[in-house]
Amino acid sequence: MIPIDRRSALRAGAGAAVAGALATGCTDSAPATPTGSVSGPPRGSAAGSSAGTSAGPSPGNGRPAVRTAPAPRRFPGQPAEIAHGPRDRARVALTFHGQGDPATATAVLAEAERAGARITVLAVGGWLDEHPALARRILDGGHDLGNHTLRHIDISDLDEAAAYAEITGCAQRLRKLTGSIGSWFRPSRTQYATPLVQRLARKAGYPHVLSYDVDSLDFTSPGAAAVTRTVTGQIRNGSVVSLHFGYADTVAALPALLDALERRGLRAVTTTELLT
């Protein structure tokens, strides 16, 4: 159980960190302005399993070699678009759209790690351009890192070439920063991918598109209590929850949400772990 004084401190810190910055978050229903940085491995987790392995010695230019991050995997028996994991195991995946104020992202990661939870971050390419250190920070924390398109525009409205450029543009940034195109792809501004987007994602190297079965609606800024109620009212074994970096309500809701999962015997794991 998370102590009350720590919850209060987290909420106070979140409010200070994102004062005046709520409008910068990533949403899937309204325009958002990209923004992200962070630190420290999760308590009680084997971070090395998600952080990747060394790509070898320094390349001779004084910079450390890029450690290769986990690549996309095909999960036999799973559909092209995955909305949830197995319903017979007490595991859930909290997935965060990676965009918004880096201070808020830092607070979310730190709180998840204090609780021994792992999350999945679907990063926007433009956000990674502005805050490249976040990519490695997420992986070093033992979390999944994936692709949420380059500019976070409505991918369903784009023609084939433009949609493919959105997917591969973010994939290129992830590869440059981590050595991999990321573990997952999630389309922008939609819960479900069109057949075209599914096909383009496969072409880009993602065997599955990651959807979700629980929408927290945190991007509407309904208040921390409402975010917690929405998620706990719908979540069950195998659920994949959609949340966002960049919103104070999300940070403030996280301690109570993680408490509620623990009370119900639900373990928050990465999406890869959920399906493995």
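Worth saying up front: this structure is predicted, and the values here are computed from it rather than measured. All residue numbers refer to position in the chain's written sequence, counted from 1. Where local features are concerned, this predicted model is filtered to residues with pLDDT of at least 70; where side-chain atom pairs are given and counted, the filter is 80 or more; whole-chain, interface and lining totals use all residues. To get the side-chain values, take all heavy atoms of the structure and skip hydrogens and water.

Quick look at the overall build of the chain
At step 1: In terms of helices and strands, the chain carries ten helices and eight strands.
At step 2: Exposure categories follow from relative accessible area, calculated using a 1.4 Å probe and restricted to protein chains: below 20% of the type maximum is buried, above 50% is exposed, and the middle band is partly exposed. Expressed as a percentage of the 276 residues in the chain, the buried residues total 54%. Elements are defined by DSSP. Helices are runs of H or I of four residues or more, strands are runs of E of two residues or more, and each kind is numbered from the N terminus.

A closer look at the nonpolar core
At step 1: Leu 94, Ile 119, Tyr 206, Phe 245 and Leu 261 are the most contacted members of the largest nonpolar core, which totals 53 residues.
At step 2: Counting residues per element, this core draws most heavily on helix 9 (residues 248–263), which supplies seven residues.
At step 3: Counting residues in each nonpolar core, the second largest holds eleven residues, with Phe 75, Ala 93, Val 269 and Leu 274 among its members. Nonpolar cores were defined as sets of buried Ala, Val, Leu, Ile, Met, Phe, Trp, Tyr and Cys residues, with membership established by side-chain atoms within 4.5 Å.

Overview of the pattern of salt bridges
At step 1: By salt bridge we mean one thing: a side-chain nitrogen of Lys or Arg within 4 Å of a carboxyl oxygen of Asp or Glu. Tallied over the entire structure, the rule returns eight salt bridges.
At step 2: Between Arg 118 and Glu 273 there is a salt bridge, with the nearest N and O atoms lying 2.6 Å from each other. One end of the pair, Arg 118, is in the loop between helix 3 (102–114) and strand 3 (120–123); the other, Glu 273, is in helix 10 (residues 271–275), and 155 residues separate them in sequence.

Brief notes about the pairing of strand 2 (residues 91–98)
At step 1: Taken across its eight residues, strand 2 has seven buried, putting it largely inside the fold.
At step 2: Strands were regarded as paired on the criterion that DSSP finds at least two bridges between them. Relative to strand 8 (residues 267–269), strand 2 runs parallel, the two being bridged by three bridges. Bridged to Ala 93 within strand 8 is Val 269.
At step 3: Here five bridges tie strand 2 to strand 7 (residues 240–244), and the two strands are oriented parallel to one another. Bridging across to strand 7, Thr 95 finds its partner in Ser 242.
At step 4: One ladder, built from four bridges, connects strand 2 with strand 3; its direction is parallel. Bridge pairing in strand 3 places His 97 opposite Leu 122.
At step 5: Once the chain exits strand 2 it traverses helix 3 before rejoining the sheet at strand 3, and the crossover so formed is right-handed. When the strands point away from the viewer and the connection leading from the first strand across the helix to the second strand turns clockwise, the crossover is called right-handed.

What about the packing of aromatic side chains?
At step 1: Each aromatic pair joins two rings of Phe, Tyr and Trp (for Trp, the six-membered one) with centres within 6.5 Å, and gets the label stacked for planes under 30 degrees apart, edge-to-face for over 60, and tilted for any other angle. Taken as a whole, this structure holds four aromatic pairs when the rule is applied.
At step 2: Three or more aromatic residues joined by ring pairs make a cluster, and in this case those are Phe 96, Trp 127 and Phe 245.
At step 3: In this structure, Lys 203 packs its charged tip against the face of Tyr 164, placed 4.6 Å from the ring centre. Lysine NZ or arginine CZ positioned within 6 Å of the ring centre and within 35 degrees of the ring normal marks a charge as sitting over the ring.

Observations concerning helix 8 (residues 224–234)
At step 1: Among all positions in helix 8, only Ala 224, Ala 226, Val 227, Thr 228 and Val 231 are buried.
At step 2: For this analysis, residues touch if any pair of their heavy atoms sits within 4.5 Å. Where helix 8 is buried, its residues contact strand 6 (214–215), strand 7 and helix 9.

A short note on the environment of Leu 150
At step 1: Along the chain, the position of Leu 150 falls in the loop between strand 4 (144–147) and helix 6 (160–178).
At step 2: For Leu 150 and Gly 169, which are 19 residues apart along the polypeptide, the C-alpha to C-alpha distance reads 5.4 Å.
At step 3: In this structure, Leu 150 is in contact with Val 124, Gly 125, Gly 126, Glu 166, Gly 169, Cys 170 and Arg 173, ignoring residues within four places of it in sequence.

Things to note about the environment of Ala 115
At step 1: In this structure, Ala 115 sits in the loop between helix 3 and strand 3.
At step 2: Distance from Ala 115 to Glu 262, taken between C-alpha atoms, is 9.5 Å for residues 147 residues apart in sequence.

Overview of the packing of helix 6 against helix 7 (residues 195–204)
At step 1: A fitted line through C-alpha atoms serves as each axis, taken over the contacting stretch for helices, and the angle formed by two N-to-C directions is quoted from 0 to 180°. Two elements in contact, helix 6 and helix 7, have axes separated by 10 Å at closest approach and are oriented at 50 degrees. In terms of their interaxial angle, helix 6 and helix 7 are classed as oblique. You can see that helix 6 and helix 7 cross each other, and the crossing is right-handed. In this structure, helix 6 uses Glu 160, Ala 163, Tyr 164, Ile 167 and Thr 168 to contact helix 7, whose residues at the interface are Leu 196, Val 197, Arg 199, Leu 200, Ala 201, Lys 203 and Ala 204. Should an angle lie under 35 degrees it is considered roughly parallel, over 145 roughly antiparallel, and from 65 to 115 roughly perpendicular; all remaining angles are considered oblique. Left-handed describes a crossing whose near helix is turned anticlockwise from the far helix through less than a right angle; right-handed describes the clockwise counterpart.

Concerning unusual backbone geometry
At step 1: Positive phi, close to 55 degrees, is recorded for His 152, a residue that is not glycine.
At step 2: A positive phi angle is found at Arg 189, which is not glycine, with a value near 60 degrees.
At step 3: Structurally, the position occupied by Arg 189 is in the loop between helix 6 and helix 7.

As for the confidence of the model for the chain
At step 1: The pLDDT score gives, residue by residue, the confidence of the prediction method on a 0 to 100 scale. Per-chain confidence: the chain averages 83 in pLDDT, with 76% of residues scoring 70 or above.
At step 2: Low confidence marks residues 1–25, where pLDDT is under 50. Its contacts with residues over four positions away, or in another chain, come to 42 contacts.
At step 3: Counting contacts from residues 29–66, a segment whose pLDDT is below 50, to residues more than four positions away or on other chains yields 93 contacts.

Notes on the pairing of strand 7
At step 1: Of all the five residues making up strand 7, five are buried; the element is thus mostly covered by neighbouring parts of the structure.
At step 2: Alternating positions in strand 7 separate into two faces, Val 240, Ser 242 and His 244 on one and Val 241 and Leu 243 on the other, with burial throughout.
At step 3: Bridging between strand 6 and strand 7 involves two bridges; their strand directions are parallel. Within strand 7, the position partnered with Asp 215 by the bridge is Ser 242.
At step 4: For the crossover that starts at strand 6, traverses helix 8 and ends in the parallel strand 7, the hand is right-handed.

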